[in-house]
Each structure stands twice: as structure tokens, then as C-alpha cells.
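Residues per chain are reported as follows:
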Amino acid sequence: MDLPLPFPTRAAAGASLTEALAEFRGAKNTLILALVRGGVVWLSSTVRVGGEMLTAAIQKLGEKTPEEAETLKREWGLSRAPENRELFSVLVPPLSALKDEIVGRLEYWRTKQGEENPVTRIFLTGRASNLLGFPEYLSSGLGIPVSRANVWEHVLSFDEEI
């Protein structure tokens, strides 16, 4: 069954590229990873790592409330600013676990599809994917481009329409 994608990818346009859509949810401890080639979802996997894990890790910094942790996550994220060193060090372990889970799914794909169909790019969606520096962190660790999905990309231009 073909699943509709929230944005057109090169893979959805019928190209032979394999791209991934990673929905990193904030309210649930869930990442959904879908590998797409030729407009078809070939592999879908759920990982029990999500935005709540990050909030819980931040809360342990000086006994923060959930609201304070969310604010810190939104405003500072993975910033490498000296004043963010402590927050960065708390966020890296759960994000490293998430990266390792993605690596495992990509490795599974590689063993089943061979070297001729590697995943060439990952698009991030979901509230937790808005974490400052998150696409760059994943891209560096995975060795492939990672960016936030822009659902409006082929619909309208914000510069021209708004």
C-alpha cells in the first residue's frame, strides 16, 4: 500500500533514490522512520526514543519543571555556546541513543538492499525535530544530509505569497 507523504521528495517523484522520513514526536517517546523509494514506503520502523526523553533529561538539571525544560530545549537546544555546555551534555546521551537506533535501521536496509540503494537523505518532521542543531547533529553522525521537511516547498513561496 502506498502511503501519502507530507511533502514531495525526489524518491516520491519516481527517482531510484532512497530517502528517509523521520517523524520525531515531542509528546510521545516515539520516532517513526520510513524509507521511501520510487514513491513507495519500503520500510517503516518505530523507535522508542522521543522528545519526552529530552525533556526528562533536562528536568534533572537543577530540578526544572516540565515547562522550564521545554523552554530550555526550544531556546538553546544543541547550541555550542559556552553558557549552554551543561544542557548540551545532558541532551547528547539520549540523542546519541536515537542516532544509534537510526544507524541500526539504515544498516538493516543496506544489508537487505545492497550498496546500490543507500539512503541518500533524511527529512525530519514532528515537533521534537525543531530542536536547535538537531539536523546538523544527525547529519554529522550519520554521514548523510539531514534537514527539516518543508511541507510548503512545492506549494507556495513565503517570499512571494506572504
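All of these numbers come straight from a predicted model, not from anything done at the bench. (Residues numbered from 1 in each chain as written. Predicted model: local features only at pLDDT ≥ 70, side-chain atom pairs only at ≥ 80, totals over all residues. Heavy atoms only, no water.)

Chemist: Please clarify how the overall build of the protein chain should be interpreted in this entry.
Modeler: In terms of helices and strands, the protein chain carries five helices and five strands. Beginning at the N terminus, the succession of helices and strands in the protein chain can be written as β-β-β-α-α-α-β-α-β-α. Relative to its full complement of 162 residues, the protein chain shows a buried share of 42%. Put simply, 54% of the contacts in the protein chain that link residues at least 6 apart link residues at least 24 apart. Summed over its atoms, the accessible surface of the protein chain is roughly 9,200 Å², and 52% of this surface lies on carbon and sulfur atoms. (Helix = DSSP H or I, 4+ residues; strand = E, 2+ residues; numbered from the N terminus. Buried < 20%, exposed > 50% of the residue type's maximum accessible area, 1.4 Å probe, protein only. Contact = heavy atoms within 4.5 Å. Areas by Shrake-Rupley, 256 points an atom, 1.4 Å probe, with all protein chains shown as cover.)

Chemist: Would you explain the side chain of N84 in this entry?
Modeler: Secondary-structure assignment places N84 in the loop between α2 (66-75) and α3 (85-113). Apart from the residues within four sequence positions on either side, N84 is in contact with W76, G77, L78 and S79.

Chemist: What exactly am I supposed to notice about α3 here?
Modeler: Since the α-helix turns once every 3.6 residues, residues separated by three or four places project in the same direction. The first and last C-alpha atoms of α3 sit 40 Å apart over 29 residues, in line with the 42 Å expected at 1.5 Å per residue. Residue V92 marks the point of greatest curvature in α3, where the axis turns by about 30 degrees; the proline P93 follows within four residues. Directly beyond the C-terminal end of α3, a positive phi value near 85 degrees is found at G114. (Expected span 1.5 Å × (residues − 1). Bend = angle between axes of the 7 residues up to and from the residue.)

Chemist: How do you make sense of the pattern of salt bridges when you look at a structure like this?
Modeler: For the coordinates displayed, the defined rule picks out four salt bridges. For E70, the salt bridge is made with K73, and the minimal N-O distance between the two is 3.1 Å. Pair noted here: E70 and K73 are both in helix α2, with a separation of three residues, about one helical turn. Here E70 matches K73 in class, with each residue buried. (Salt bridge = Lys/Arg side-chain N within 4 Å of Asp/Glu carboxyl O.)

Chemist: So what exactly am I meant to see when it comes to the environment of K64 here?
Modeler: Along the chain, the position of K64 falls in the loop between α1 (51-59) and α2. Judged by its relative accessible area of 30%, K64 is partly exposed. Leaving out residues up to four positions away in the same chain, K64 has contacts with I58, Q59, A69 and L72.

Chemist: Where do I start with the environment of L21 in this structure?
Modeler: Positionally, L21 belongs in strand β1 (residues 18-24). Considering only alpha carbons, one finds L21 and R148, 127 residues apart in sequence, at a separation of 9.6 Å.

Chemist: Help me out: how do you make sense of the packing of α1 against α3 in this one?
Modeler: When two helices pack together, their arrangement is given by the angle between the helix axes and by the axis-to-axis distance. With their axes 9 Å apart at the nearest point, α1 and α3 run at an angle of 145 degrees to one another. Both α1 and α3 take part in a crossing whose hand is right-handed. On α3, the residues that touch M53, L54, A57 and I58 of α1 are L87, V90, L91, P94 and L95. Of the residues in the contact of α1 with α3, the class split is nine nonpolar, no polar and no charged. (Axes fitted to C-alpha atoms, helices over the stretch in contact; angles between N-to-C directions. Left-handed = near helix turned anticlockwise from the far one by under 90°. Nonpolar A, V, L, I, M, F, W, Y, C, P; charged D, E, K, R; others polar.)

Chemist: What should I look at first to understand the packing of aromatic side chains in this one?
Modeler: Within a pair of aromatic rings, the relevant descriptors are the distance that separates the centres and the angle that separates the planes. Enumeration over the complete set of coordinates arrives at two aromatic pairs. Seen from their ring centres, W42 and W109 are 6.5 Å apart, and the 80 degrees between their planes marks the pair as edge-to-face. With W42 in strand β3 (residues 40-47) and W109 in helix α3, the pair connects residues that are 67 residues apart, well separated along the chain. One cation-aromatic arrangement involves R37 over W42; the distance from NZ or CZ to the ring centre is 4.1 Å. (Phe/Tyr/Trp six-rings, centres within 6.5 Å; stacked < 30°, edge-to-face > 60°. Lys NZ or Arg CZ within 6 Å of the ring centre and 35° of its normal.)

Chemist: Help me out: how do you make sense of unusual backbone geometry in this one?
Modeler: For residues that are not glycine, phi is negative in most cases, and the peptide bond is trans in most cases. Phi at E63 takes a positive value of approximately 55 degrees, unusual for a residue other than glycine. Note on E63: relative accessible area 74%, which makes it exposed.

Chemist: Can you walk me through the side chain of S79 in this structure?
Modeler: In this fold, S79 is placed in the loop between α2 and α3. S79 sits in the buried class, given a relative accessible area of 17%. At 3.2 Å, the side chain of S79 forms a polar contact with the backbone nitrogen of A81. Leaving out residues up to four positions away in the same chain, S79 has contacts with N84, F88 and L132. (Polar contact = N/O pair within 3.5 Å; in protein donor to acceptor, adjacent residues only side chain to side chain.)

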